[in-house]
Amino acid sequence: MSEQTESEPAQPEPTQPGHAQPARREPATAETAPYAAAPRRRIRALDLQKAKREGRRWAMLTSYDQYTASLFERSGVEALLVGDSAANNVFGHDTTLPVTVDELIPLARAVTRATSRAIVIADLPFGSYEVSPEQAATTAIRFMKEAEVHAVKLEGGTRMADRVRAVVDAGIPVMAHVGFTPQSEHALGGYKVQGRGDAAQQLLDDAKAVVEAGAFAVVLEMVPAELAARVTAEVPVPTVGIGAGASCDAQVLVWQDMAGLRTGPVPRFVKRYANLDQVLGDAVRAYVSDVASGMFPESERDFS
């Protein structure tokens, strides 16, 4: 998932004459969420497709460790993405490009081991599927065997449809990713909205191509809301929005962005639901102060 976006004002763009804003559906409740409707078992790709047919939305967050995975699942998150965004949020890189399969597999394994309900999806990192359909299938098989994930995600539309097909033919569910694709940031000229103007038809064609190749869902990243609404209406599988408006069937965010652990500017599409940087900072500062003053550890914590 992307970590930056092009420079734009934070307020929504005004409605253009003759172009209605996408309708916003009512928020999901405990009765309408997929968790309430599905049996108490691991959620599968087919459950998420059923949610689209029944008009139910679901949420996805990134996760890279056992504690967040367990917490997010208990809090009702239906899908957990072990994203290549671990490059930025775990390993300290500036982009998603450097992270490797060998680095992501242990993270994915921790997430699957810590959960019993949410579907766990692993990103295929840059360089692990582009060479050929056979490479894509081989990498996906590694994630299924070594991390026991339940699906994989790969970036690219029409040009990657044969990779999607190869992985699906191997018996592995695939979530596709079109629009802004962070692994192609250099070719795209940076973090920019995709699908504006004449490029809208190509984005729609990309989404349809990966669906025809067998993808069970499609991430739409940094896509104009009106175009995302059209894609959502025209493809039979769930669309997962990140900077793609409210008409998508689901939404995904990088959890450190969502919870406010990441400081500084965030993409326009991010909503911070907490200020975890401050919460953790306050706790650490209190601990440091107690150690420096001799207030920790207290006598009741001693062993005799």
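The written sequence of each chain sets the order in which its residues are numbered from 1. Side-chain atom pairs in this predicted model are given and counted only at pLDDT of 80 or more, local residue features only at pLDDT of at least 70, and totals for whole chains, interfaces and linings cover all residues. To get the side-chain values, all heavy atoms of the structure are used, and hydrogens and water are removed first.

Moving on, we get to the overall build of the protein chain. Segments assigned H or I by DSSP are reported as helices when at least four residues long, segments assigned E as strands when at least two residues long, and all are numbered from the N terminus. Secondary structure assignment for the protein chain yields twelve helices and eight strands. Burial status follows relative accessibility: with a 1.4 Å probe on protein chains alone, a residue under 20% of its type maximum counts as buried, one over 50% as exposed, and anything between as partly exposed. Within the span of the protein chain, comprising 304 residues, buried residues form 50% of the whole. Residue pairs in contact within the protein chain that sit at least 24 positions apart in sequence constitute 63% of those at least 6 positions apart. In what follows, residue pairs with any heavy atoms lying within 4.5 Å of each other are defined as contacts.

To continue, consider a nonpolar patch on the surface. Residues with no salt bridge and a relative accessible area higher than 30% make up the patches, which join like charges within 9 Å and nonpolar side chains (Val, Leu, Ile, Met, Phe, Trp, Tyr) within 5 Å. Note on areas: these come from Shrake-Rupley sampling with a 1.4 Å probe, and a residue is covered only by the protein chains present in the view. Salt bridges are defined as contacts in which a side-chain nitrogen from Lys or Arg sits within 4 Å of a carboxyl oxygen from Asp or Glu. Side chains of Val284, Tyr287, Val288, Val291 and Phe296 sit close together on the surface and give an oily, nonpolar patch of about 460 Å² of accessible area. Relative to the helices and strands, phenylalanine 296 is located in the segment after helix 12 (276-293). Residue phenylalanine 296 is classed as partly exposed on the basis of its relative accessible area of 35%.

Here we come to the UniProt feature "binding site: 3-methyl-2-oxobutanoate" (unreviewed entry) in the protein chain. UniProt positions are given in the numbering used here, feature names are shortened, and annotations may be inferred rather than shown by experiment. Here, the residues flagged by UniProt with the feature "binding site: 3-methyl-2-oxobutanoate" (unreviewed entry) are Asp84, Ser85, Asp123 and Lys153. A compact arrangement is adopted by the annotated residues: their sequence extent is 70 residues, whereas the largest C-alpha distance between any two is 12.4 Å. As for its position among the elements, aspartate 84 is in the loop between strand 2 (79-82) and helix 4 (86-89). Residue classification places aspartate 84 among the buried residues on the basis of a relative accessible area of 0%.

Counting residues in each nonpolar core, the largest one holds 85 residues, and the members touching the most others are Trp58, Met60, Ile121, Phe143, Met175 and Leu220. Looking at which element gives the most residues to this core, the answer is helix 9 (residues 200-212), with seven residues. If sequence neighbours within four positions are ignored, methionine 175 has contacts with Trp58, Met60, Ile121, Val152, Lys153, Leu154, Phe216, Ala217, Val219 and Val240. Residue types Ala, Val, Leu, Ile, Met, Phe, Trp, Tyr and Cys, when buried and joined through side-chain atoms within 4.5 Å, form a set referred to as a nonpolar core.

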